Amino acid sequence: MKTRRTRRGRLLAALMAGMVAMSACAGGGGGTEENVYVYAVNGDPMTVGLNAQFVGGTYPILFSAQLMDTLIFLSDDYKLTPGLAKEWELSPDGLELTLRLREGVKWHDGRPFTAEDVKFNFEEIVPLQTYGAMLAGRIKSVDITDPNTVVLRLKEPFGPLLETVAQQFMLPKHIYEGTDYVTNEANKRPIGTGPMKFGSYTSGQEVVLVKNPDYWGDKSQVDRAVFTVMADPNSRAEALFAGEIDGAVIDPSQQQRVQATEHTKLLEHGQFPQMVTTMFNSENKYLKNPDVRRAIFAALDRAAFAQTAMSGIGKPANGIMPPEFGWAVNPDVDFDKDFPRDLDKINKVLDDAGFKRGPDGTRFTLKIQYIFTLTEVAATVQMAQSMLKEIGIDTKVEGSGGAVYSDKVYKQGDYDMAFVRSTIGPDPSLGIATWYVCNKENKPGSNPTRVCDAEIDKAAAAALDTADRDKRAEALKKMQARAAELMYYAPIAWFNGGFPTISTTRWQGQDAPRVMAERLPWHQMTPVR
């Protein structure tokens, strides 16, 4: 503990010294105080870059949301509001989206944002982004009808069109045209139109953003935001409780202390909701039978996971679709009713499937994969081992880093069950459905179970192929019903323990409503004097 405190002290001392120096420089000797915000991250964000258009993950999305704008904003509670497009209109047949752009918007380098930028993004950049790739194949043309109007014409309707557009961070044509987009150095020093600008980067230590004084919207009250690397979760927590940093993601086990501390608070919004899920490898000889998978899922006590492994922050999932997508929830899919934890019945299903207990009481052994840095998932796995033991299933668990986990689960198929935390996404077709549709290429971030079901694929496709929300809901409800029957991937809890925890010691307003998921409410944050 002494070593940990010493390291944290040195890190924060260096950070504070830098902040004092920055304030003095900003004042030019006149005593003007610079408003500095400090957020601790658990690793070097530059490892993968800061541009979410080309790479997924926590940090690209976090930084893109501060530095860049989308044409349409989508909040964490799924409200659409004007972004770089001051208004839009979707034709009744869903085939034409007219975007009327704001005038006078400038890129961070001072060049004007224009309709040519928008056309370039739809034609060149959007196809490379995860959600954008689903839209790109349906684009017929991108037409500039006047200097401030762009019309996106589709070959066929695309259900989550507006939500997909709202996930595309606009990039400057004059920076990317004629380059290798993915390796362009601007991905590490992004030039956007957002409320914050890239300031500096120190390898392994910090990324600094600065206020964009020319932002077209409400100006940031934060002059400089320092995203400091603090890998140790205990150090992040102690720094937060001490008021030395303003925000960080900390271990869910710390949340009781957070609730008991006057100046700390776990955010309940600001990002798309998250879930903890489990999945089955259908190529395993014991798990080929859906009845066996259903029985095993029924043995998992979702309420116990939420209360104990997730420190009371999680809420047991009672269906495939989260409540935030109420319009698409199938009320007939009811985990409490369909998967009661009746051990006698569960044991009978396993016996009838031909997997009777051996002399030692064991039916078979399953390998479980998980990401060890997700502590609530690790705790869930530990509890699951005991639950499965009750029905005669032994387990071998393997915890690894995210990259190794992805390789084992997707590329190698080296798992029988897996547990993970993920986001529910901006729309059911862009998030939830991707865990159920066929994924023959075993692409990461999609269905890893090797299950390909024609009925599910048809329903998911139908939800994509219409702009009519009622028809989309009908298709998605069919998908959920079939997914519950086959039981190869399912949420066990809705969980926001991976959201940031904030300190109000130095800044008020971090918990203000946000027009864009992941974007801090810079203009509503005020320093505590």
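For clarity, every value in this text was computed on a predicted model and none was experimentally measured.

Structural notes on the sheet that holds strand β15 (residues 364-371)
(1) Moving on: Strand order in this open sheet of six strands is β14-β18-β13-β17-β15-β16, and the pairing throughout is mixed. Looking at strand neighbours, the two that pair on one side only are β14 (315-316) and β16 (393-400), the edges of this open sheet.
(2) Moving on: As judged from the two bridges shared by β15 and strand β17 (residues 417-423), these two strands associate in the parallel manner. By the bridge assignment, Gln-369 is partnered in β17 with Ala-418.
(3) Moving on: Strands in contact with helix α13 (residues 375-390) are β13 (274-280), β15, β16, β17 and β18 (489-494); relative to β17, the strand with the most contacts, it is inclined by about 145°.

Quick word on the packing of helix α9 (residues 290-299) against helix α12 (residues 343-352)
Geometrically, a packed helix pair is captured by the angle between its two axes and the distance between the axes.
(1) Moving on: At their nearest, the axes of α9 and α12 sit 9 Å apart, and the two run at 155° to each other. Comparing the axis directions of α9 and α12 gives the class roughly antiparallel. Crossing hand, α9 versus α12: left-handed. In this structure, α9 uses Asp-291, Val-292, Ala-295, Ala-298 and Ala-299 to contact α12, whose residues at the interface are Ile-346, Val-349 and Leu-350.

Some words on the state of the cysteines
Such a bond, covalent and formed between the sulfur atoms of two cysteines, is termed a disulfide.
(1) Moving on: Applying the stated rule across the entire model yields one disulfide.
(2) Moving on: Here Cys-438 is linked by a disulfide to Cys-452, with a sulfur-sulfur distance of 1.9 Å. Its torsion about the S-S bond being 60°, the disulfide of Cys-438 and Cys-452 is classed as right-handed. Of this pair, Cys-438 sits in the loop between β17 and α15 (454-464) while Cys-452 sits in the loop between β17 and α15, and the two are 14 residues apart along the sequence.
(3) Moving on: Cys-452 gets classed as partly exposed once you look at its relative accessible area, which sits at 42%.

So, the packing of aromatic side chains
(1) Moving on: Going through the model one piece at a time under the given rule, you end up with 20 aromatic pairs.
(2) Moving on: Seen in terms of ring centroids, Phe-73 and Trp-216 are 6.2 Å apart; in terms of plane orientation they differ by 25°. Their pairing is stacked. Of the two residues, Phe-73 is situated in strand β2 (residues 72-74) and Trp-216 in the loop between β9 (206-211) and β10 (224-229); the sequence distance between them amounts to 143 residues.
(3) Moving on: Judged by relative accessible area, which is 4%, Phe-73 ranks as buried.
(4) Moving on: The class for Trp-216 is partly exposed, based on a relative accessible area of 26%.
(5) Moving on: In textbook terms, an aromatic cluster arises when at least three aromatic residues are bridged by ring pairs, as seen for Trp-435, Tyr-436, Tyr-488 and Tyr-489.
(6) Moving on: Arg-469 extends its terminal NZ or CZ atom over the ring of Trp-327, reaching a point 4.2 Å from the ring centre.

Reading the values: rules and limits
Residues numbered from 1 in each chain as written. Predicted model: local features only at pLDDT ≥ 70, side-chain atom pairs only at ≥ 80, totals over all residues. Heavy atoms only, no water. Pairing = 2+ DSSP bridges. Helix = DSSP H or I, 4+ residues; strand = E, 2+ residues; numbered from the N terminus. Contact = heavy atoms within 4.5 Å. Axes fitted to C-alpha atoms, helices over the stretch in contact; angles between N-to-C directions. Parallel < 35°, antiparallel > 145°, perpendicular 65-115°, else oblique. Left-handed = near helix turned anticlockwise from the far one by under 90°. Disulfide = S-S within 2.5 Å. Buried < 20%, exposed > 50% of the residue type's maximum accessible area, 1.4 Å probe, protein only. Phe/Tyr/Trp six-rings, centres within 6.5 Å; stacked < 30°, edge-to-face > 60°. Lys NZ or Arg CZ within 6 Å of the ring centre and 35° of its normal.

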